[in-house]
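# Report on the structure
Okay, here's what each chain looks like letter by letter:
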Amino acid sequence: MTGFTNLRQYDRRHVRGDLIGGITVLAYLVPQVMAYSALAGIPAQVGLWVVVLALVAYFFVGTSRLLSAGPESTTALLTAATLAPFAVGDPARYASLAAILAILCGLFAFVAWLLRLGFIGDALSKPVLVGYMAGIAVIMIMSQLGKITGVDVTGDSVITDLISFAEKAGADTISWPSLTMGVSVAFLLIVLSNRFPRLPIALFVITLAAVATAVLDLERHGIKTVGPIAQGIPTPNFTGVTSSDVSMLLLPALGVFIVAYTDNLLTARMFGDRHHHRINANQELLALGTTNLVSGIAHGFPVSSSASRASLGDAAGARTQLYSLVAALGALIVLLGLGGLLASFPLPALGGLVAYAALKLVDIREFRRLFKFRHREFYLAIAATAAVLVFDILWGVLFAVGLSVLELLTRVARPHAAVLGQSPGLAGWHDITDYSDARQIPGLVVFRYDSPLFFANATDFASKCEEAIESAKPKPKWLLLNMEANVEVDITGLDALEQVRDFCERAEIQLCLVRVTKEIEAELMLHGVGDKIGREHMFPTLPTAVAAFEQEEDA
């Protein structure tokens, strides 16, 4: 359900948390969006206007209760990297191209929504999600390093941030008052939030830091504040944009769309898992398309979502998208002339607040659960974290998804396979290795291969069928393949079935099939192996197949 739909069934117990969460996010949102706007090469007031529209649009279309739509660092960086070569020295053309890039990104999302491609998000497994969010947490903390320490960190990734900080940090360059405030805020939030979970600790701490900065005139001691905020609403203008410009931006817009959707879905799923609400992956495509379209129309730039803003809202007690409306209203007030209310907020305190929120994204308990359940899934989560940090978000996620798919192929390439028998007092046919008293009918081998038959396991399937025949005592007269688990086949898998049929024919063993679906039967016939086996050797149930074998034995 969307935020608007949920509002009809709104639980009034969430009002306090949503209001406090919205105000807390607002205090962070304004300087964050201003910074991302500068990163994208767009005026700060445009970024603020864009975040107002994006938050409201997502409220009506999105399905996450905590996702915070709007400007985000990765899409801002991609915007700058894409447009810099095409609009050097022409701010008006640059702004128009950024708006077109956002509109194209939105159109790609709309097309994906119409084609119902949200299922692609299913490739993002739980280990990838856990690892991704841990990587995002590290990126969030590193992005605040300059604010907390006062050092001019100029990197654009975790590694370059560390290098820049290492080169510039020193006793004379670190602002010790800033460091003290940033660390103190993070420490107080960690301690007090655990002790008083029902109180709006985040808002209290950040307000206390702002009051202390103003009363003690801490700016004089090196504490930087948000500062003056540009006001007014931008006027859209697309003059000078040609069809060749649009064609030039198609491929970059596709890349931005992939990054934005991946980021949205992973973040939304993380909070959905934490608070037990469902995310509609296909509806999220529509939400992404809508937010980017309104951003483009407002002369903005491509948008996604901010994990840090969502984390702050969550930490402050927000539980529905009403908190986004509160933050949007606050940002609108800033745009219309009341920016002075936030101008004195100290940046080191905001940095400490973000660091605290980032720590909450690292799910140590889930890492432990993955390790306890299966080491491979734990290592996949670690790989996802490392990939996001080393290769940045898009390539890191693609790398982690690739590992996830490889791990899946490894499992389906060597699935469970069983010779089946009957156990006294237990209905049905079962794996003889699970039941030591299972009885097989002499001369009949019932074999089940627990996977679709396709190129990755075709050779393994044929080998295990032949092993089941060769290990049977006495020599079997029938090989009865239970195909209930073989719900999908490709031509390589059916070629392997033909190999098994040929092996049986040479060994004077009758190959029979049981529980073949009509769809698979049609594909068997189309391939040709079905005609060679014969429809008379395909049975609907195991009892009818066993009865046919026994009747043949008695004849």
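An account of the accompanying structure is given in this report.

Definitions and limits used
- Along each chain, residues carry numbers from 1 onward, in the same order as the chain's sequence is written.
- Per-residue local features of the predicted model are confined to residues with pLDDT of at least 70, and side-chain atom pairs are confined, for both listing and counting, to 80 or more; whole-chain, interface and lining totals are unaffected and use all residues.
- Side-chain metrics rest on all non-hydrogen atoms present in the structure, leaving aside hydrogens and water.
- By the criteria applied, helices consist of DSSP H or I runs no shorter than four residues and strands consist of E runs no shorter than two, each listed in order from the N terminus.
- Whether two residues are in contact is decided by their heavy atoms, any of which lying within 4.5 Å being enough.
- Here Asp and Glu are counted as negative and Lys and Arg as positive; His is not counted, and neither are the chain ends.
- Each charge is placed at NZ for Lys, CZ for Arg, CG for Asp and CD for Glu.
- In a helix, the anticipated span is given by 1.5 Å times the number of residues less one.
- Only protein chains enter the calculation, and the probe is 1.4 Å; a residue is then buried if its accessible area is under 20% of its type maximum, exposed if over 50%, and partly exposed in between.
- Pairs of N or O atoms are called polar contacts if they sit within 3.5 Å, as long as, within protein, a hydrogen donor faces a hydrogen acceptor (for residues adjacent in sequence, only side-chain-to-side-chain pairs).
- Any pair of Phe, Tyr and Trp rings, taking the six-membered ring for Trp, is counted once the centres come within 6.5 Å. Such a pair is stacked with planes under 30 degrees apart, edge-to-face with planes over 60 apart, and tilted for the rest.
- We call a set of buried residues a nonpolar core when its members are Ala, Val, Leu, Ile, Met, Phe, Trp, Tyr or Cys and they connect through side-chain atoms within 4.5 Å of each other.
- Should DSSP find at least two bridges between two strands, the strands are regarded as paired.
- Only the contacting stretch of a helix is used when fitting its axis, a line to C-alpha atoms as for every element, and angles between N-to-C directions run 0 to 180 degrees.

## Examining the overall build of the protein
Across its full length, the protein carries 23 helices and eight strands. Counting only C-alpha atoms and orienting by the principal axes, one finds that the protein spans roughly 100 × 60 × 50 Å. Taking the contacts inside the protein whose residues are at least 6 apart along the sequence as the reference set, 80% of them involve residues at least 24 apart. Across the protein, 40 positive and 47 negative side-chain charges occur, with their mean positions spaced 10 Å apart.

## Overview of helix α12 (residues 281-297)
Along its 17 residues, α12 runs 25 Å from first to last C-alpha, staying within 8% of the 24 Å computed at 1.5 Å per residue. Among the 17 residues in α12, 13 count as buried, and that is most of the element. Looking at where α12 begins, the residue whose side-chain oxygen comes 3.1 Å from the main-chain nitrogen of N282 is N280. H299 sits one or two positions beyond α12 and adopts a positive phi of about 65 degrees.

## A closer look at the environment of D490
By the secondary structure assignment, D490 is in the loop between β6 (478-482) and α20 (491-506). For D490, a relative accessible area of 24% gives the class partly exposed. Placed 37 residues apart in sequence, D490 and L453 show a C-alpha to C-alpha distance of 6.6 Å. If near-sequence neighbours (up to four positions away) are discounted, D490 is found in contact with L453, F454 and F455. Side-chain polar atoms of D490 contact the backbone nitrogen of G493, separated by 2.8 Å.

## Examining the packing of aromatic side chains
Two aromatic rings are characterised by how far apart their centres lie and by the angle between their planes. Overall, the coordinates contain ten aromatic pairs when judged by the stated rule. Arranged with centres 6.2 Å apart and planes meeting at 80 degrees, the rings of F367 and F378 form a pair that is edge-to-face. Of this pair, F367 sits in helix α17 (residues 364-373) while F378 sits in helix α18 (residues 375-413), and the two are eleven residues apart along the sequence. Using a relative accessible area of 17% as the deciding quantity, one classes F378 as buried. Centroid distance W478 to F539: 6.0 Å. Interplanar angle 25 degrees. Geometry classified as stacked. Taken together, the residues span a long stretch of sequence, with W478 in strand β6 and F539 in strand β8 (residues 538-539) at a distance of 61 residues. Across the pair, exposure class does not vary: W478 and F539 are buried alike. An aromatic cluster is defined as three or more aromatic residues linked by ring pairs; in this entry it consists of F367, F371, F378 and Y379.

## Some thoughts on the nonpolar core
One broad trend across soluble globular proteins is that nonpolar side chains are buried collectively. Core analysis: the biggest nonpolar cluster contains 60 residues, and L29, L189 and L361 have the highest contact counts within it. A total of nine residues in this core trace back to one element, the largest contributor, which is helix α2 (residues 15-40). With residues near it in sequence (within four places) discarded, L189 still touches I201, A202, V205, G352, L353 and Y356. In this structure, L453, F461, A496 and L497 belong to the second largest nonpolar core, which totals 33 residues.

## A word on the environment of R93
If you trace the backbone, R93 turns up in helix α5 (residues 91-114). In the structure, R93 is positioned 365 residues away from A458 in sequence and 56 Å away in space, judged by C-alpha atoms. There is a polar contact of 3.0 Å between the side chain of R93 and the side chain of D245.

## A closer look at the sheet that holds strand β3 (residues 417-421)
Taken in spatial order, the six strands line up as β4-β3-β5-β6-β7-β8 in an open sheet, and their pairing is mixed. This sheet does not close on itself; its edge strands, each paired only once, are β4 (430-431) and β8. As paired elements, strand β7 (residues 510-514) and β8 share two bridges and run parallel to each other. Paired with L513 across the bridge in β8 is M538. The sheet contacts of helix α19 (residues 458-470) involve β3, β5 (444-449) and β6, and relative to β5 the element is tilted by about 155 degrees.

Coordinates in, geometry out; function isn't part of it.
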